[in-house]
Amino acid sequence: MTNHLEDATALLADSPLIDGHNDLPWHLREADAAQTDIAAPVSFTHTDLPRLAQGKVGAQFWSVFVPVTLAGEAAVATTLEQIDFVRSMVRRYPEALELARTAADVERICANGKVASLLGAEGGHSIASSLGVMRMFYELGVRYMTLTHNRNTGWADSATDQPEAGGLSDFGCAVVTEMQRIGMLVDLSHVAPTTMADALDTAGAPVIFSHSSALALCDHPRNVPDEILARLPGNNGVCMVTFVPAFVSQECREWHDGVLEEMERRGMDREDYPGYKAVRDELAAASPPPRATLAQVADHIEHVRDVAGADHIGIGSDFDGTTDLPEGLGDVSCYPALFAELLDRGWSEDDCARLAGGNVLRVMRDAEAFSRAAS
């Protein structure tokens, strides 16, 4: 593994990694630690600038997530605050970060040795059913929007809620169409399979899954069924495999479900994140949870490649958006270890480069070209 770790590090230096999802902005807000200096090692996050450099991260989609417990004007205002936070963070560290809006920006910024910083809105509730709000988010730098988070939006069904629209409503289809007209990537993580299918039926440009794994390997509703993965070549989209243990390991998924069931027994809202952490820590103290592994993450990557093809895979870690992480993938410095595992399994350097970021850059370029033609 030592030689492959060196090979993987060198590969990522030449083909910088583009990660589809990192929740550092909300993590710092929730911890009331917005002024944390990420230029130095940070003890309570998965992410800081030294570890991003160690992990050879070339570009990061920073999530401007807000909880689904916020709606309407509150959701819009809080999303704007998160956009402002990321833009301020980028301005604060000009030697390390730079805002990116296009694939060309990503390539230029990476070539200058900085982390290209992109914005992704996690959940259609953020726009309060307003196409105008969505367009303004795009003007502020948001380059993808996840159609739902953990609950339905009214116009799109979530993977973790009871069906309402049966996939996408007519307005939901209009959202997808308008996103692609302006050049915003349609993100199908978190949505129900019916919504995935309707979005693919509607889409004229590639879609992404910013942080989802394979349902065939872990039966969690947040994961992508094979019949949807098999449609990605026809759309030219990409599934960015995530590291969240409950999406990677069936044992972890079942343990996580036990935490949610205990929350329900206590009359708590499943979307109460501090409450989840408290119950999770209590149960973990009584019975340590199972651990997912780096090898299992690699299994998901290989499964997506086998079903969708090597042109349709990427990485979307969800660092700082999950309490636990797989063994061997504890923070943003660990990407080379994952690519060393893949090289160990016989992956070519070309396929690894496409996984690292080449496929996502292609999707961004295609979305930009589609938008130019549609305008």
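Residues numbered from 1 in each chain as written. Predicted model: local features only at pLDDT ≥ 70, side-chain atom pairs only at ≥ 80, totals over all residues. Heavy atoms only, no water.

### Some points on the overall build of the chain
Counting its secondary structure elements, the chain contains 16 helices and nine strands. Whereas a compact globule of 375 residues would reach a radius of gyration of roughly 21 Å, the chain reaches 19 Å, a difference of no more than 12%. Overall size of the chain, expressed as C-alpha extent along the three principal axes, is 55 × 55 × 45 Å. For the chain, restricting intrachain contacts to residue pairs at least 6 apart in sequence, the fraction spanning at least 24 positions comes to 72%. Element-wise, carbon and sulfur atoms account for 50% of the exposed surface of the chain, whose accessible area totals about 13900 Å². Counting 28 positive and 56 negative side-chain charges, the chain places the centres of these two groups 5 Å from one another. (Helix = DSSP H or I, 4+ residues; strand = E, 2+ residues; numbered from the N terminus. Rg over C-alpha atoms; globule rule 2.2 N^0.38 Å. Contact = heavy atoms within 4.5 Å. Areas by Shrake-Rupley, 256 points an atom, 1.4 Å probe, with all protein chains shown as cover. Lys, Arg positive; Asp, Glu negative; His and termini not counted. Charge placed at Lys NZ, Arg CZ, Asp CG, Glu CD.)

### Digging into the pairing of strand S2 (residues 57–63)
Of all seven residues making up S2, seven are buried, and the element is well covered by its neighbours. With four bridges joining them, strand S1 (residues 17–22) and S2 adopt parallel strand pairing. Looking at the pairing, asparagine 22 lines up with tryptophan 62 of S2. Pairing between S2 and strand S4 (residues 115–122): five bridges, direction parallel. By the bridge assignment, tryptophan 62 is partnered in S4 with leucine 119. (Buried < 20%, exposed > 50% of the residue type's maximum accessible area, 1.4 Å probe, protein only. Pairing = 2+ DSSP bridges.)

### Some words on unusual backbone geometry
The backbone of lysine 56 shows a phi angle near 60°, a positive value even though the residue is not glycine. Note that lysine 56 resides in the loop between helix H3 (49–54) and S2. On the basis of relative accessible area, lysine 56 is assigned to the partly exposed category, the value being 30%. Residues other than glycine seldom take positive phi values, yet alanine 128 does so here, at roughly 55°. Tracing the sequence through the fold places alanine 128 in the loop between S4 and helix H6 (131–139).

### Some thoughts on the layout of surface pockets
The calculated volume of the largest pocket comes to roughly 1100 Å³. Around the largest pocket sit 41 residues that line it, and Asn150, His256, Tyr273, Tyr276 and Gly321 are the ones nearest its centre. Within the residue set of the lining of the largest pocket, elements represented by two or more residues are helix H2 (24–30), helix H11 (245–248), helix H12 (250–265) and helix H13 (273–286). The leading source of residues in the lining of the largest pocket is H12, at six residues. Looking at the lining of the largest pocket, its residues break down into 14 nonpolar, twelve polar and 15 charged. (1 Å grid on protein atoms, 1.4 Å probe; cavity = no way out; pocket = protein on both sides within 12 Å on 5 of 7 lines; lining within 4 Å. Points joined across faces, edges and corners; volume = space filled by probe spheres on them. Nonpolar A, V, L, I, M, F, W, Y, C, P; charged D, E, K, R; others polar.)

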